[in-house]
Structures are given as structure tokens and as C-alpha cells.
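Structure at a glance
Chain by chain, the residues run as shown.
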Amino acid sequence: SIFKGAAPSSGNKLPVDLWISATSGVYTHNPADVTMFPCSTKIEYDSPTPDYPDPIGENKIKYNRDDSWAYCVGFYPQGKWSVIETIATAEIDGKTDLMFAPQISGKWTMPFEEQTYSHLLTWLKVCICATDTEAVSAWGDIADISVITDNDYPIYSSVTADLGTGETEYSGDSHPLHFFANNVALETVIKETGSVLCSPSSKYRLKVRTLSGKEKTILINLKDLAGNEINSNVDAAGKMFIITLYFNPFDVIEGVCTLNSWNNEDEELELE
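Being a predicted model, the structure only gives us computed values, none of them experimental. Residue positions are given per chain, counting from 1 as you read along its sequence in written order. Totals for whole chains, interfaces and linings use all residues, but because this is a predicted model, local features are given only for residues with pLDDT of at least 70 and pairs of side-chain atoms are given and counted only at 80 or more. Values shown for side chains rest on all heavy atoms present in the structure; no hydrogens or waters enter the calculation.

1. Considerations on the confidence of the model for the protein
A residue's pLDDT is the confidence the predictor assigns to it, expressed on a 0 to 100 scale. In the predicted model, the protein carries a mean pLDDT of 92, and the fraction of residues at 70 or more is 96%. Only heavy atoms enter the contact rule, under which two residues are in contact if any of them lie within 4.5 Å. Segment residues 264–272: pLDDT under 50, and 40 contacts once partners within four positions in sequence are set aside and those in other chains are kept.

2. Some points on the sheet that holds strand 15 (residues 215–221)
Note: two strands are recorded as paired if DSSP finds a minimum of 2 bridges between them. In this description a helix means any DSSP run of H or I spanning at least four residues, a strand means any run of E spanning at least two, and both kinds are numbered starting from the N terminus. Spatial ordering of the open sheet is given by 12-9-14-15, a layout of four strands whose pairing is antiparallel. Either end of the sheet is taken by a strand with one partner, and the two such strands are strand 12 (177–178) and strand 15. The pairing of strand 9 (residues 142–148) with strand 14 (residues 203–210) spans six bridges and is antiparallel. Across the sheet, residue Asp144 finds its bridge partner in strand 14, namely Arg209.

3. Here we look at unusual backbone geometry
Residue Pro38 follows Phe37 across a cis peptide bond; omega there is 15°. Looking at where Pro38 falls in the secondary structure, it is placed in the loop between strand 1 (14–21) and strand 2 (39–45). Backbone torsion omega between Tyr76 and Pro77 reads 0°, so that peptide bond is classified as cis. Within the secondary structure, Pro77 sits in the loop between strand 3 (70–76) and strand 4 (82–84). With a phi angle near 55°, Asp33 is a residue other than glycine that sits in the positive phi range. Even without a glycine there, the phi angle at Met36 is positive, about 70°. Inspection of the secondary structure assignment puts Met36 in the loop between strand 1 and strand 2.

4. Observations concerning the packing of aromatic side chains
Working definition: rings of Phe, Tyr and Trp (its six-membered ring) pair if their centres are within 6.5 Å, and the pair is stacked with planes under 30 degrees apart, edge-to-face with planes over 60 apart, and tilted otherwise. In the structure shown here, the tally under the stated rule is six aromatic pairs. Taken together, a centroid distance of 5.3 Å and an interplanar angle of 80° make the contact between Trp139 and Phe247 edge-to-face. Residue Trp139 is found in helix 1 (residues 133–139), and its partner Phe247 is found in strand 16 (residues 240–247); the two are separated by 108 residues along the sequence. The classification of residues rests on relative accessible area computed with a 1.4 Å probe and restricted to protein chains. Under 20% of the type maximum is buried, over 50% is exposed, and intermediate values are partly exposed. For Phe247, a relative accessible area of 0% corresponds to the buried category. Taken together through their ring pairs, the aromatic side chains of Phe75, Trp81 and Phe100 make up a single cluster.

5. With respect to the state of the cysteines
Note on terminology: a disulfide is the covalent bond linking the sulfur atoms of two cysteines. Criterion for a disulfide: a pair of cysteine sulfur atoms within 2.5 Å. For the structure shown, the criterion picks out zero disulfides. Distance from the sulfur of Cys257, which forms no disulfide, to the nearest cysteine sulfur (Cys127) is 11 Å. Note on Cys257: relative accessible area 9%, which makes it buried.

6. Points about the sheet that holds strand 5 (residues 87–91)
One open sheet holds the four strands; their spatial order is 4-5-10-11, and the pairing between them is antiparallel. What marks the edges here is a single partner per strand, and that holds for strand 4 and strand 11 (168–173). Strand-to-strand twist of the sheet, defined as the mean angle between neighbouring strand axes without regard to direction, takes the value 25°. Bridge count for strand 4 against strand 5 is three bridges, and the pairing is antiparallel. The axes used here are C-alpha line fits, helices contributing only the stretch in contact, and every angle between their N-to-C directions lies in the interval 0 to 180 degrees.

7. Here's the deal with the pairing of strand 17 (residues 253–260)
In the sheet, strand 16 pairs with strand 17 via eight bridges, with the strands oriented antiparallel. Each residue of the ladder has a partner; that of Thr244, found in strand 17, is Val256.

8. Points about the side chain of Gln115
Examined against the element boundaries, Gln115 turns out to sit in strand 7 (residues 115–119). Here a polar contact is recorded for every N or O atom pair within 3.5 Å, except that within protein the pair must consist of a potential hydrogen donor and a potential acceptor, and residues adjacent in sequence are included only if both atoms are side-chain atoms. Separated by 2.8 Å, the side chains of Gln115 and Tyr45 make a polar contact. There is a polar contact of 2.9 Å between the side chain of Gln115 and the side chain of Tyr117.

9. Considerations on the nonpolar core
In terms of nonpolar packing, the biggest core is built from 32 residues, with Leu124, Ile145, Val147, Phe179, Leu222, Leu245 and Phe247 touching the most fellow members. Judged by nonpolar contacts, the second largest core, of 21 residues, contains Val73, Phe100, Leu120 and Leu163. Working definition of a nonpolar core: buried Ala, Val, Leu, Ile, Met, Phe, Trp, Tyr and Cys residues. They are joined through side-chain atoms within 4.5 Å.

10. Details of the environment of Val208
Mapped onto the elements, Val208 comes out in strand 14. Overall, Val208 belongs to the buried group, its relative accessible area being 1%. Ignoring anything within four residues of it in the chain, the contact list for Val208 reads Ile142, Asp144, Ile145, Lys214, Glu215, Lys216, Ile218, Leu245, Phe247 and Ile253.

11. Focus on the layout of surface pockets
A volume near 710 Å³ is recorded for the largest pocket. Cavities and pockets are defined on a 1 Å grid built over the protein atoms alone: a cavity is a set of grid points where a 1.4 Å probe fits but cannot escape, while a pocket is an open set with protein on both sides within 12 Å along at least five of seven lines, and lining residues are those with an atom within 4 Å of any such point. If you go around the largest pocket, you meet 27 residues; those closest to its centre are Asp51, Tyr52, Pro53, Tyr63 and Phe112. Mapped by element, the contributors of at least two residues to the lining of the largest pocket are strand 1, strand 2 and strand 3. Of the residues in the lining of the largest pocket, the class split is 19 nonpolar, one polar and seven charged. Grid points are joined across faces, edges and corners, and a volume is the space filled by probe spheres set on the points. Put simply, Ala, Val, Leu, Ile, Met, Phe, Trp, Tyr, Cys and Pro go in the nonpolar bin, Asp, Glu, Lys and Arg in the charged bin, and everything else, Gly too, in the polar bin.

Quick look at the structure:
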């Protein structure tokens, strides 16, 4: 599922996995003593106000009375991320919204402050439109549109987060990510075909396949709100772009990209 909005609410809850540790950057599940950490637990935010993580069994998670530091990281959605001590990993499947809240610290006399969850992927929506009736006849129905990877503009199959530094990396060869599986009729009105969540890139290569067997590959340059081309992959993360493909009669497809708001306000979530 895709989380939309700048903050959780009762009608737009944010369920996340929390990992709590006594060692900075190192997370395991081995609940111990009265604190019950290091541990993995959950929390469901339903407002931008403080809340408590789920207990471990019947035991609440507590700060150390000796005022030593505790550390915390968070992941959305629940059950999607795997954590091995210093690194967290999640698969990019094209439909799951991945978010990460970097490490924060707190103790008895200085409790945890807010978590900040950031979207790690780029959300692409694709629309199609024929420029005239001749283009409709020339191309016919659209069987499939996919994002394909290549050496110049790769898309990746996984993302990792360093739990100490908070840095994220994308890696792994990805299969084509499809916008839709059913055939869509090409018309002279703009029609949305579907959407996909990808590893961030400044450019994406789309492959169009028609029912009649035609195939066409188009390189799409992402643009910011001012209409300038985005040059950095980092600048595409956490943003949603609408790509409109215009089909012309003479075997030409032109792509137009516009940046739209993913959240109502900010691209990050401030959580307490």
C-alpha cells in the first residue's frame, strides 16, 4: 500500500516496525532485563502525537533507570524489511511503498523525539493519449507498458539502509516493472493506465507493446516543478511523476512528464 499525506491520522494510520537497541547502529531481537531491548516491535501511529510501541509479550519497553542511551529505527510497511544487525533490506516489487526512519536516540531524562519517515522510492503514473484518430488506427490497443532497466538508467530490485549512518543504497538487477496487465484501448482522450514504484532515477526507459505486436522504447526525462530536468537520482526519491505518452500516426511516441504532490504538504513525515 502507498501512504499518502504529511502525517498520520485516525483515518490514515501508519503501521510501522520499530527496532530498539542499547547499541548505536546495531539492532537485534533479544529482549532482556526490565528494558526489554534490544528488540523488534510495532507501533501504529494514528496522529502526530506521542505514542507507545507494542509491548513484548506482557512487558512494556522501558528506558534504563541508569539513564543510559537507547536507540531506535523504523520501517514501513510492517513485515517487509529484514534487519541483520547493522543493515536493513527490502525488496522493490513495484507496488509497495518503502519508508525508513533513521536512527534517533533517547534516555530516561531525555526521551525520544519525533521519528522522520521518508519515502525511498519514486512513484510513476502513466497516461496514454492518441493525437488523432489516425494514431488510434495505426497503434491499436496497448497491451503493456513497463519500466525496463539498462546500463545507462538502471532500476534496482532492492534497497538497503545503514542503521548507523542512515544512508540508503539501491542494488540488484530488476525485472521489468509493469504498469498494468490488462489491455487498454488507445483513444484521443488522456487515460491513466496505472502506476509503479521504482528505485529513484533522473530518467526512466519505458517499453510500450501493442496488441498488434508493435514495440517502442521511450526515454523519459523527469522534470521538477519549474520544468527543469532532474539530474540527480536523489532528487527523484519521494516524489510522484505523471508521464503522459502521446501516440502519433507515424510510429512516434512523445513523452511528457509533470511532477505532482505525493503527500498533501511535505515529502517527509514528522512523527512523535
